[in-house]
Amino acid sequence: MERNDFSVGSVWRHIVALAVPMTVAQLVQMLYNIVDRIYIGHLPGASSLALTGLGLTFPVVTLIMAFTNLFSMGGTPLFSIARGQRDREKAERIMGNTFSMLCICCLFLTMACYLFLKPVLYLFGASDLSFPYAKDYLKIYLLGTPFAMLGTGMNGFINAQGFAGTGMATILIGAAVNIALDPVFIFVFDMGVSGAALATVLSQLLSAVWVMKFLFGKKTLFRIRRTCMRPEGKLLKEIMSLGMAGFVVSASNGAVQIACNATLRDCGGDVYVGVMTILNSVRDVAVMPMQGLTHASQPVLGFNLGAGAYDRIRKGIGFVTVAGVSYMLFAWLMLFLFPEPIMGIFNSDTVLLEKGIPALHLYFFGFFMMAFQFVGQSTFVGLGMSKQSVFFSLLRKIIIVVPLTLLLPHVASLGVRGVFLAEPISNFIGGTASFTTMLVLVRRLILKNEGISKET
C-alpha cells in the first residue's frame, strides 16, 4: 500500500494530522509580514506613517501571491487526485509543469512591478507623506519575488504527499531568520522599512532553498524531474483552470485593499489607512487556523474522490464545518473582549488606537460567517470544481465588498465606518451562498459518481 494513503483510516485524523503542522507553517509564514508590521509600528517618531506606507504595499504582495496560487493551488489538488488514482507519471508531470510556470511568472512580475512602482503606489492610496516608506520597502522586497513564489508555491506539493512536518520546517526556517534579522536591520543598522524588507528577502531565500532541496532530493515520494518540466498546454489549462480560484481569491483581496486604502485616504486620511493595516494583520492571524484546517482537507478530499471513497468525503466536509465554525466563534469572542491589547501589538500610537477600536468592532462583526466561505471554497478546490470556486471568490470580494467600500461611506453620512462595514456584510452573504451551493453540488457529484460505479 502507498504511504500516506488518505482512503484508509479516520478521515478527521488525516485532516488534523495535516492541519496542525500546516497551520503552524502558515502562521509562521505570516510572521514574514506580521513581524515587519510589529517592528515598523513601533518605530520611534514615525511609527503610524511608516505602518501606513507598509500597508500600501499589501496589494503588490497580494498580486505576487495571486500568481503563485494560480499554479500552486491548481497543481496540488490535481496532484492529489492523480495520487489517488495511482497515476505516478501524471502526478510528476503536474508538479514539474507547476515549477516551470512559477519560474517564468516570477521574472515577468518582478520586472513589471519595478517599471510601474510609483504610479501603482499612488493608485493604491499613497500620499506624498506615505509614498517614501512604501517605495523603500518594495524596491528591496521585490528582489525576493522568485524566492517567495517558489518557496510558497512548491511547498504545497510537500504537504500533498503527506510530509506536513517537512512543509512546516520550510516555513519555520525562514521565519526564524526573519524574526532574528528584523530588529538588527531595522534598529541596529537603522535601516527602517528597508531593513524589514531585506530581512524578509533573506528568509524567503532560505525557505526556497529548503523546498527545492527536498523536491529534487531522494526523500520525497514524487520528485521534480527535467523530463516533466516542459510546459504542456493541456495540463497547464487544467492547472490554471483549477488554480484560478486561488488566483481570484488573492487578486480580489488586492482589489479590496486598493479600494479600502484609496477610500480611507480620501475620507479619513493616512491614520485610517494605518488602522486598516492593523485590522488586516489581525484578520490574517485570526483566520490562520481556519485556513490550515480547510487547506489540509483539500488533499484528503481530492484523494478520496480519486479513490471513489465518497462517504469519506461527506465525513471530511462535516468535520471541517463543525470544527471551523466553532473556532471562528471563539476568535470573534476574543476580538470583541480584548480589542485594545490585540491592536496594541502592532502600534502604540494613542490616536490610531482610539480610532481603531470602534473600527475593529465593525469590521469583525459576525466573524464566524467567514468559516462557511472557507469550507465552501476549499471543498470546491479539493474536488476540482474550479468554476464554482472562482464564482464565489468573485461574488464576495468583487461583487459585494468593493462596491460597498466605495458606496457606503456616502450613505447616511457613514464616512469611514462604511468602509469597515463592507466586510461583515460580505461575510454573511458570501458565506451563506458559498456553503449552501457547495452542499447541493457535492451531493450531486457523489450521487452521480456512485451511480457510475454501480453501472460499471
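Anything mentioned here points back to the structure above.
Cut-offs used in this document
Residues numbered from 1 in each chain as written. Predicted model: local features only at pLDDT ≥ 70, side-chain atom pairs only at ≥ 80, totals over all residues. Heavy atoms only, no water. Helix = DSSP H or I, 4+ residues; strand = E, 2+ residues; numbered from the N terminus. Rg over C-alpha atoms; globule rule 2.2 N^0.38 Å. Buried < 20%, exposed > 50% of the residue type's maximum accessible area, 1.4 Å probe, protein only. Contact = heavy atoms within 4.5 Å. Areas by Shrake-Rupley, 256 points an atom, 1.4 Å probe, with all protein chains shown as cover. Lys, Arg positive; Asp, Glu negative; His and termini not counted. Charge placed at Lys NZ, Arg CZ, Asp CG, Glu CD. 1 Å grid on protein atoms, 1.4 Å probe; cavity = no way out; pocket = protein on both sides within 12 Å on 5 of 7 lines; lining within 4 Å. Points joined across faces, edges and corners; volume = space filled by probe spheres on them. Nonpolar A, V, L, I, M, F, W, Y, C, P; charged D, E, K, R; others polar. Phe/Tyr/Trp six-rings, centres within 6.5 Å; stacked < 30°, edge-to-face > 60°. Lys NZ or Arg CZ within 6 Å of the ring centre and 35° of its normal. Core = buried A, V, L, I, M, F, W, Y, C linked by side-chain atoms within 4.5 Å. Salt bridge = Lys/Arg side-chain N within 4 Å of Asp/Glu carboxyl O. Expected span 1.5 Å × (residues − 1). Bend = angle between axes of the 7 residues up to and from the residue.

Caption draft 1: Summary view of the overall build of the protein chain. If you tally the helices and strands in the protein chain, you get 18 helices and 0 strands. Against the compact-globule benchmark of 23 Å for 456 residues, the protein chain has a radius of gyration of 22 Å, which places it among compact chains. Across its three principal axes, the protein chain shows a C-alpha extent of roughly 70 × 45 × 35 Å. Split into buried and exposed, the 456 residues of the protein chain put 59% on the buried side. Considering only residue pairs separated by 6 or more positions, the protein chain has 83% of its internal contacts joining residues 24 or more positions apart. Of the roughly 18,100 Å² of accessible surface on the protein chain, a fraction of 69% belongs to carbon and sulfur atoms. Each charge class in the protein chain can be summarised by its mean position, and for the 34 positive and 22 negative side chains these summaries are 10 Å apart.

Caption draft 2: Structural context of the layout of surface pockets. Empty space within the largest pocket amounts to approximately 250 Å³. Of all the elements in the fold, those that place two or more residues in the lining of the largest pocket are helix 1 (11-40), helix 11 (270-286) and helix 13 (310-337). Within the lining of the largest pocket, the residues separate by chemical class into 14 nonpolar, no polar and no charged. Looking at the second largest pocket, its volume works out to about 200 Å³. Val60, Leu63, Cys113, Val120 and Phe124 are the residues nearest the centre of the second largest pocket, which is lined by 17 residues in total. When residues of the lining of the second largest pocket are traced back to their parent elements, those giving at least two are helix 3 (58-84), helix 4 (88-115), helix 5 (117-123) and helix 10 (233-267).

Caption draft 3: Focus on empty space enclosed by the protein. The full count for this structure, using the stated rule, is 2 cavities of 30 Å³ or more. Computed from the structure, the second largest cavity encloses a volume of approximately 100 Å³. The wall of the second largest cavity is formed by 14 residues, among which Val256, Cys260, Arg283, Tyr363 and Glu423 lie closest to the centre. If you list the elements that add at least two residues to the lining of the second largest cavity, you get helix 10, helix 11, helix 17 (386-407) and helix 18 (416-455). Here the element with the most residues in the lining of the second largest cavity is helix 10; it accounts for 4 residues.

Caption draft 4: Up close: the packing of aromatic side chains. Evaluation of the coordinates by the stated rule reveals 20 aromatic pairs. Aromatic pair Phe163 and Phe214: ring centres 5.5 Å apart, planes at 70°, arrangement edge-to-face. In this pair, Phe163 is assigned in the loop between helix 7 (145-160) and helix 8 (164-188) and Phe214 in helix 9 (residues 192-215), connecting sequence segments 51 residues apart. Judged by its relative accessible area of 13%, Phe163 falls in the buried class. Under the relative-accessibility criterion, Phe214 is labelled buried at 11%. An aromatic cluster is built from Trp332, Phe365, Phe368 and Phe428, whose rings are joined through pairwise contacts. The aromatic ring of Phe222 is capped on one face by Arg88, whose charged end is 4.5 Å from the ring centroid.

Caption draft 5: Molecular detail of the nonpolar core. Counting residues in each nonpolar core, the largest one holds 140 residues, and the members touching the most others are Met154, Leu279, Phe367 and Phe420. Examining the composition of this core, we find that 11 residues originate from one element, helix 10, more than from any other. In this structure Phe420 touches Leu264, Tyr272, Val275, Met276, Leu279, Ala359, Leu362 and Tyr363, once residues within four positions along its chain are discounted.

Caption draft 6: Looking closely at the pattern of salt bridges. Applying the stated criterion across every chain, the model contains 12 salt bridges. Across the pair Glu92 and Arg88 runs a salt bridge whose closest N-O atoms are separated by 3.7 Å. With a gap of 4 residues between them, Glu92 and Arg88 both fall in helix 4, about one helical turn apart. One continuous salt-bridge network, built from bridges that share partners, spans Arg37, Arg283 and Asp284.

Caption draft 7: Summary view of helix 17. When the terminal C-alpha atoms of helix 17 are compared, their 30 Å separation across 22 residues agrees well with the 32 Å that a helix rising 1.5 Å per residue should span. In the structure, helix 17 departs most strongly from a straight axis at Leu395, where the bend amounts to approximately 35°.

Caption draft 8: Structural context of the environment of Val322. Relative to the helices and strands, Val322 resides in helix 13. Under the relative-accessibility criterion, Val322 is labelled exposed at 56%. Put simply, Val322 and Phe372 are 50 residues apart on the chain and 9.9 Å apart in space, counted from C-alpha to C-alpha.

Caption draft 9: Focus on unusual backbone geometry. The phi torsion at Asp190 lies on the positive side, around 55°, for a residue other than glycine. Its place among the elements puts Asp190 in the loop between helix 8 and helix 9. The backbone of Ala412 shows a phi angle near 50°, a positive value even though the residue is not glycine. You can call Ala412 exposed: its relative accessible area is 68%.

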